[in-house]
Amino acid sequence: QKEVEQNSGPLSVPEGAIASLNCTYSDRVSQSFFWYRQYSGKSPELIMSIYSNGDKEDGRFTAQLNKASQYVSLLIRDSQPSDSATYLCAVNMAGAQKLVFGQGTRLTINP
Amino acid sequence: EADIYQTPRYLVIGTGKKITLECSQTMGHDKMYWYQQDPGMELHLIHYSYGVNSTEKGDLSSESTVSRIRTEHFPLTLESARPSHTSQYLCASSAMTTRLKQYFGPGTRLTVT
């Protein structure tokens, strides 16, 4: 079992709809959780961080964390074609000095 | 906004050559990382550093080496490049005070012919 797992997709969502991206992690005592967006040929860009159970909203993005279920998700409201990218989930495992990345979910927003 | 720089951005080089990929950050971050990523594939951690004079191998075996003589600088060296080293190399940095929130440089696309 991978430490951080994501559905690799591709996930196809119509423009204007809500895109929902999911991530599960294996270490129950993980503390910090991040979502990165990576456009093709570019480097990952940090878009959300979340540390406590519940929801955190930033513009059209909402990160959701459920530590009991070891589950973190990213919702993108009013999806735009410019949101088409690979989204990487990253987790700071307890005691580690580095992030563990999932394999990424490729998201396509269809006009 | 993160300030992390990588040079060169693109490099095409022949087999057997020695190359050094440069990475610098101006944020005073103590931790720095090198990742390797093939197109459409996962990120693989190949080296990281907790601070000056500290380096560790990552999860993916790599023939490259790194050094950390200054906080802001974390170069990666390949003593003898091979076609199998063709890939994108991404440098990142973070600080414990920000819960290891990592910021990435723009990457170096390496092609070994």
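Everything numeric here is computed off the predicted structure, so don't read it as measured data.

Asker: Lay out the overall build of chain A in plain terms, naming residues and giving numbers.
Answerer: A tally of regular secondary structure across chain A gives zero helices and eleven strands. Its helices and strands taken in sequence order, chain A reads β-β-β-β-β-β-β-β-β-β-β from the N to the C terminus. In terms of overall dimensions, chain A is globule-like: its C-alpha atoms have a radius of gyration of 13 Å, near the 13 Å expected for 111 residues. Overall, the C-alpha framework of chain A stretches about 45 × 30 × 20 Å when taken along its three principal axes. When each of the 111 residues of chain A is scored for burial, the buried share is 45%. Considering only contacts within chain A whose residues lie at least 6 apart along the sequence, 55% involve residues at least 24 apart. In the structure as shown, chain A presents an accessible area of about 5,100 Å², 46% of it carried by carbon and sulfur atoms. In chain A, 10 positive and 10 negative side-chain charges are present, and the distance between their average locations comes to 5 Å.

Asker: Can you tell me about the interface of chain A and chain B, naming the residues and giving the values?
Answerer: Contacts between the two partners involve 21 residues from chain A, matched on the other side by 23 residues from chain B. When the buried area of chain A at its contact with chain B is split by residue, Gln-97, Lys-98 and Phe-101 of chain A rank highest and sum to 34% of it. Connecting chain A to chain B are two salt bridges. Where Lys-2 of chain A meets Glu-42 of chain B, a salt bridge forms, and the shortest distance between an N and an O atom there is 2.9 Å. Counting across the interface, chain A meets chain B through four residue pairs in polar contact (both at pLDDT 80 or more). Those elements that place two or more of their residues in the side of chain A that touches chain B are strand 4 (32-38), strand 5 (45-50), strand 9 (85-92) and strand 10 (99-101) of chain A. Counting residues per element, the side of chain A that touches chain B draws most heavily on strand 4 of chain A, at four residues. Residues of the side of chain A that touches chain B, tallied by class, amount to nine nonpolar, nine polar and three charged.

Asker: Mind laying out the layout of surface pockets, listing which residues take part and the relevant values?
Answerer: Approximately 460 Å³ is the volume attributed to the largest pocket. Considering the residues around the largest pocket, the lining is formed by 24 residues, among which Thr-86 of chain A together with Gln-37, Pro-39, Gly-40 and Met-41 of chain B are closest to the centre. Counting only elements with at least two residues in the lining of the largest pocket, the list comes to strand 9 and strand 11 (105-110) of chain A. Ranked by residues supplied to the lining of the largest pocket, first place goes to strand 9 of chain A with three residues. Along the lines of polarity and charge, the residues of the lining of the largest pocket split into six nonpolar, 13 polar and five charged.

About the thresholds
Residues numbered from 1 in each chain as written. Chains lettered and ligands numbered in written order. Predicted model: local features only at pLDDT ≥ 70, side-chain atom pairs only at ≥ 80, totals over all residues. Heavy atoms only, no water. Helix = DSSP H or I, 4+ residues; strand = E, 2+ residues; numbered from the N terminus. Rg over C-alpha atoms; globule rule 2.2 N^0.38 Å. Buried < 20%, exposed > 50% of the residue type's maximum accessible area, 1.4 Å probe, protein only. Contact = heavy atoms within 4.5 Å. Areas by Shrake-Rupley, 256 points an atom, 1.4 Å probe, with all protein chains shown as cover. Lys, Arg positive; Asp, Glu negative; His and termini not counted. Charge placed at Lys NZ, Arg CZ, Asp CG, Glu CD. Buried area = accessible area lost by both parts, 1.4 Å probe. Salt bridge = Lys/Arg side-chain N within 4 Å of Asp/Glu carboxyl O. Polar contact = N/O pair within 3.5 Å; in protein donor to acceptor, adjacent residues only side chain to side chain. Nonpolar A, V, L, I, M, F, W, Y, C, P; charged D, E, K, R; others polar. 1 Å grid on protein atoms, 1.4 Å probe; cavity = no way out; pocket = protein on both sides within 12 Å on 5 of 7 lines; lining within 4 Å. Points joined across faces, edges and corners; volume = space filled by probe spheres on them.

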